[in-house]
Amino acid sequence: MKNKTKIVKVNSIQIGGGTPVIMAGPCAVESEEILDAIASGVAKAGAVILRGGAFKPRTKRSSFQGLGIPALRYLKQSGKKYNLPVVTEVMSIDQIDIISQCADMLQVGSRNMYNYPLLKEVGKTGKPILLKRGFSATIEEWIGAFEYIGHEQVVFCERGIRGFDPNTRNILDLAGALVVRKETQLPIIIDPSHATGRRDLVPPMALAAIAAGVDGLMIETHTDPDSSISDAAQSIRIETLAEIIKTARSFSF
Ligand code: PEP
Ligand code: MN
């Protein structure tokens, strides 16, 4: 499928330029050592951007909320060591300054897609933004959220919308993803991890998205997925990530 998207740059990485960009890393940064091992692994597997939550939007207050500022330090360190730009989530306006000092791309999560003051403020940093879709947002609402950012260095991320069947965490709306790209001509990436909630479904959904011509993937990956403090059920091994990337590269259009 011909890709007429505008290019979004995250340091030297171009998103929307025709080669799918793979972002990978843990759901949450858990420790300096674990992040270093994951970053090393995902870089070798072929990922080009490191993801990892420092401030986590958890459904329950009693759940692990992320390491916060130390996690930002570890992300910056591992990103530099393995030559991977870093993307991490900003949950509130007061976090923008400190996160901007450590991250190359700012993520606005599903729960904050409707947070218009936050969207305006992240826009003012001039950093590229990863705008995740609200789990019940229409395409019109998602594009409306993008307009609040106020510039075009924005990548949309489809991460599943809420369905009625508990067998999958969400429903991957691949068609909707292509619609948003057509409407905005901005890059779209797919997050098969939150879209499915199941590691057995991550590789097929990732490859289905690549076959559909998306501009990239964001995949939760861990050196020991079962031990992940958050989202263990959907985290995949480094080896699985390597296989996804190898297969994705073998697709020719
Ligand atoms: C994430 O990517 O870390 C995350 C919390 O995802 P979402 O906002 O899509 O739930
Ligand atoms: Mn997660």
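Scroll up to find the structure.
In this text the structure is predicted, and so the values were computed from the model without any measurement.

A. A look at the overall build of the chain. Check the secondary structure of the chain and you find nine helices and ten strands. Computed over its C-alpha atoms, the radius of gyration of the chain comes to 16 Å, within 12% of the 18 Å expected for a compact globule of 253 residues. Principal-axis analysis of the C-alpha atoms places the extent of the chain at approximately 40 × 40 × 40 Å. Counting the 253 residues in the chain, one finds 55% classified as buried. When contacts within the chain are restricted to residue pairs at least 6 apart in sequence, those whose partners lie at least 24 apart make up 68%. Looking at the chain, you have 30 positive and 26 negative side-chain charges, and the mean spots of the two groups are 2 Å apart.

B. Here's a closer look at the pairing of strand 7 (residues 129-132). Of the two faces of strand 7, the one holding Ile-129 and Leu-131 and the one holding Leu-130 and Lys-132 are both buried throughout. When strand 7 meets strand 8 (residues 154-158), the two strands line up parallel, connected through four bridges. Directly across from Ile-129, in strand 8, lies its bridge partner Val-154. In this region the chain leaves strand 7, passes through helix 5 (residues 139-149) and returns to the parallel neighbour strand 8; the handedness of that crossover is right-handed.

C. Molecular detail of the site of ligand 1. Residues in contact with ligand 1, as listed here, are Arg-51, Lys-56, Pro-57, Glu-89, Gln-107, Gly-109, Ser-110, Arg-111, Lys-132, Arg-159 and His-194. Here an oxygen atom of ligand 1 and a side-chain polar atom of Lys-56 are 3.0 Å apart. A distance of 2.6 Å separates an oxygen atom of ligand 1 from a polar side-chain atom of Arg-159. Across the shell around ligand 1, the residue classes break down as one nonpolar, four polar and six charged.

D. Just the pattern of salt bridges, in detail. Throughout the structure, instances matching the rule amount to twelve salt bridges. Salt-bridge contacts for Glu-121 lead to Lys-124; the nearest nitrogen and oxygen are separated by 2.8 Å. Highlighted residues: Glu-121 and Lys-124, both in helix 4 (residues 116-124), separated by three residues, approximately one helical turn. A relative accessible area of 28% places Glu-121 in the partly exposed class. Note that Arg-237 and Glu-239 form a salt bridge whose closest N and O atoms lie 3.5 Å from each other. A residue is classified by how much of its surface remains accessible, and Arg-237, at 45% relative accessible area, is partly exposed. Each member of the salt-bridge network shares a partner with another, and the members are Arg-133, Glu-158 and Asp-173.

The rules behind each value
- Residues numbered from 1 in each chain as written.
- Chains lettered and ligands numbered in written order.
- Predicted model: local features only at pLDDT ≥ 70, side-chain atom pairs only at ≥ 80, totals over all residues.
- Heavy atoms only, no water.
- Helix = DSSP H or I, 4+ residues; strand = E, 2+ residues; numbered from the N terminus.
- Rg over C-alpha atoms; globule rule 2.2 N^0.38 Å.
- Buried < 20%, exposed > 50% of the residue type's maximum accessible area, 1.4 Å probe, protein only.
- Contact = heavy atoms within 4.5 Å.
- Lys, Arg positive; Asp, Glu negative; His and termini not counted.
- Charge placed at Lys NZ, Arg CZ, Asp CG, Glu CD.
- Pairing = 2+ DSSP bridges.
- Right-handed = clockwise from strand over helix to strand, strands pointing away.
- Near = heavy atom within 4 Å.
- Polar contact = N/O pair within 3.5 Å; in protein donor to acceptor, adjacent residues only side chain to side chain.
- Nonpolar A, V, L, I, M, F, W, Y, C, P; charged D, E, K, R; others polar.
- Salt bridge = Lys/Arg side-chain N within 4 Å of Asp/Glu carboxyl O.

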